[in-house]
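What follows is the residue order along each chain.
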Amino acid sequence: PYTWTIPGCVDGWFELHGRYGRLPMAEVLAPAIAAARNGVPVPQVIAGAWARSVPYYEDLPGFSEVFMPGGAAPREGEVFTNAALADTLQLVANEGRDAFYTGTIAHTLVSYSNQHGGFISLDDLSNHTSDWVEPISTTYRGVTVWELPPNGQGLAALQMLNILETFDLSSLGRANPEFWHVMIEAKKLAYADRARYYADPAFATVPVDALLGKEYGRRRADLIDTDRAARAVAAGDPVLEHGDTTFLVAADRDGMMVSLIQSNYSGFGSGYVIPELGFGIQDRGSLFNLQEGHPNALEPGKRPFHTISPAFMGEAGTPNVAFGVMGGSMQPQGHVQIVVNLVDFGMNLQEAGDAPRFRH
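Residues numbered from 1 in each chain as written. Predicted model: local features only at pLDDT ≥ 70, side-chain atom pairs only at ≥ 80, totals over all residues. Heavy atoms only, no water.

Draft legend 1. Structural detail: the layout of surface pockets. Here the second largest pocket is characterised by a volume of approximately 180 Å³. The wall of the second largest pocket is formed by Arg-194, Ala-195, Tyr-198, Tyr-265, Leu-287, Asn-289, His-294, Asn-296, Phe-305 and Thr-307. Broken down by class, the residue content of the lining of the second largest pocket amounts to 5 nonpolar, 4 polar and 1 charged. (1 Å grid on protein atoms, 1.4 Å probe; cavity = no way out; pocket = protein on both sides within 12 Å on 5 of 7 lines; lining within 4 Å. Points joined across faces, edges and corners; volume = space filled by probe spheres on them. Nonpolar A, V, L, I, M, F, W, Y, C, P; charged D, E, K, R; others polar.)

Draft legend 2. Here's a closer look at the packing of helix α9 (residues 154-164) against helix α11 (residues 177-197). Taken N-terminus to C-terminus, the directions of α9 and α11 make an angle of 135 degrees; their axes are 9 Å apart at the nearest point. Taken together, α9 and α11 sit at an angle that is classed as oblique. Crossing of α9 against α11: the hand is right-handed. Facing α9, whose interface residues are Ala-156, Gln-159, Met-160, Ile-163 and Leu-164, α11 presents Val-182, Met-183, Ala-186, Lys-187, Leu-189, Ala-190, Tyr-191, Asp-193 and Arg-194. (Axes fitted to C-alpha atoms, helices over the stretch in contact; angles between N-to-C directions. Helix = DSSP H or I, 4+ residues; strand = E, 2+ residues; numbered from the N terminus. Parallel < 35°, antiparallel > 145°, perpendicular 65-115°, else oblique. Left-handed = near helix turned anticlockwise from the far one by under 90°. Contact = heavy atoms within 4.5 Å.)

Draft legend 3. A look at the pairing of strand β4 (residues 143-147). Burial within β4 is extensive, with 5 of its 5 residues counted as buried. Going residue by residue along β4, you find Val-143, Val-145 and Glu-147 tucked away on one face and Thr-144 and Trp-146 tucked away on the opposite face as well. Between strand β3 (residues 136-140) and β4, which follow one another and run antiparallel, lie 2 residues, and Arg-141 among them has a positive phi close to 50 degrees. The pairing of β4 with strand β9 (residues 311-315) spans 4 bridges and is antiparallel. For Glu-147, the partnering residue across the bridge sits in β9 and is Ala-311. (Buried < 20%, exposed > 50% of the residue type's maximum accessible area, 1.4 Å probe, protein only. Pairing = 2+ DSSP bridges.)

Draft legend 4. Layout of the packing of aromatic side chains. Taken as a whole and judged by the stated rule, the model has 19 aromatic pairs. Summarising the aromatic geometry, the rings of Phe-67 and Phe-80 are spaced 6.2 Å apart at their centres and angled 20 degrees between planes, so their arrangement reads as stacked. Placement of the pair is Phe-67 in helix α4 (residues 63-67) and Phe-80 in strand β2 (residues 79-80), with a sequence separation of 13 residues. There is no split in this pair, since Phe-67 and Phe-80 are both buried. Three or more aromatic residues link up through ring pairs in this structure, and these residues are Trp-50, Tyr-57, Phe-63, Phe-67, Phe-80 and Phe-268. (Phe/Tyr/Trp six-rings, centres within 6.5 Å; stacked < 30°, edge-to-face > 60°.)

Draft legend 5. Structural detail: the sheet that holds β4. Strand order across the open sheet formed by 4 strands is β3-β4-β9-β10, with antiparallel pairing between neighbours. Every interior strand has two partners, whereas the edge strands, β3 and β10 (318-323), have only one. Taken over all neighbouring pairs, the strand axes of this sheet differ in orientation by 30 degrees on average, direction set aside. Strands in contact with α9 are β3 and β4; relative to β3, the strand with the most contacts, it is inclined by about 20 degrees.

Draft legend 6. A look at the pattern of salt bridges. Going through the model one piece at a time under the given rule, you end up with 14 salt bridges. Linking Asp-254 and Arg-22 is a salt bridge whose minimum nitrogen-to-oxygen distance equals 2.9 Å. Owing to a relative accessible area of 55%, Asp-254 belongs among the exposed residues under this scheme. For Arg-22, a relative accessible area of 58% puts it in the exposed group. Residue Arg-97 is joined to Asp-98 by a salt bridge in which the shortest nitrogen-to-oxygen separation is 3.1 Å. For Arg-97, a relative accessible area of 18% corresponds to the buried category. Classification of Asp-98 by relative accessible area gives partly exposed; the value is 40%. (Salt bridge = Lys/Arg side-chain N within 4 Å of Asp/Glu carboxyl O.)

Below is the structure:
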């Protein structure tokens with residue numbers, strides 16, 4: 001329960017729908033409600049992960065009741081239903097976002113929190129707001145890549161691209177060990193800055209412009225030894241130098257694209273599940289830093305550093321690809337490999353996603 005933060009995705013759905021949606025929310029949510037109520041066959045990968053998760057979560061309140069029908073994780077191909085989740089989504093469809101933040105769902109969530117040592121209050125839920133933010137971007141060999149700013153980690157992908165732009169990756173080729181070495185070393189440098197600087201900008205000064213500087217990227221690239229892997233990498237000083245997750249993409253006939261990612265963080269999140277609502281509580285607060293004075297230190301009302309990173313890329317300042325990957329800290333390094341596959345190696349979208357990639 002110490003890792004619970006206020007769930008934001010339902011409010012995010014309604015913000016997005018309010019600005020860009022064309023269909024009634026009830027119609028938008030209808031397929032999800034039907035899937036939860038009628039059930040869907042469990043895919044192979046999900047079945048495997050589900051079974052491996054049971055020993056960690058089965059004794060937590062509500063987990064087995066919702067996620068272990070018949071006393072076990074569902075097997076591959078077995079139809080899993082979740083009537084409580086269908087009812088929750090139906091409430092949201094009927095009554096809007098307030099059903100979640102001030103209504104029946106909110107009261108049930110707070111009651112569960114009080115019962116199991118949590119700290120979520122009705123005021124916390126009713127005071128929650130989403131923010132519209134401007135994306136940040138860099139160019140990579142003439143192609144623009146956009147990411148969300150901190151408190152997310154998309155900035156790390158842009159920093160990696162600035163570092164990698166100084167290397168002729170297409171000449172090296174994907175079969176060359178030096179290609180993979182340079183990619184991983186660039187990741188180490190960007191992630192050292194990620195650990196040091198990325199935080200909620202409402203609480204800490206995050207030097208985004210400085211970290212995105214091309215000259216700063218070149219200086220960080222100079223630290224890469226092409227003959228040796230770095231055992232430890234320190235964060236740079238850009239200010240001084242310069243002054244189990246779901247990702248989806250949708251596009252419509254008019255060219256509007258949505259790049260959307262949401263996550264409960266680690267597998268089943270905290271593993272604490274509210275049977276009446278059919279969902280578990282995430283553990284995003286795990287990503288706070290407990291070191292006093294750190295930009296990402298735990299504070300009231302603060303968003304933790306976040307791994308979820310939807311992205312776009314395109315030419316001439318216009319996005320024409322919406323993309324993303326899943327997997328916590330894999331995301332920026334995965335984004336970079338997709339961009340490199342498309343730009344440096346001329347792959348098409350299918351090839352770029354299918355090609356083997358590293359995870360460091």
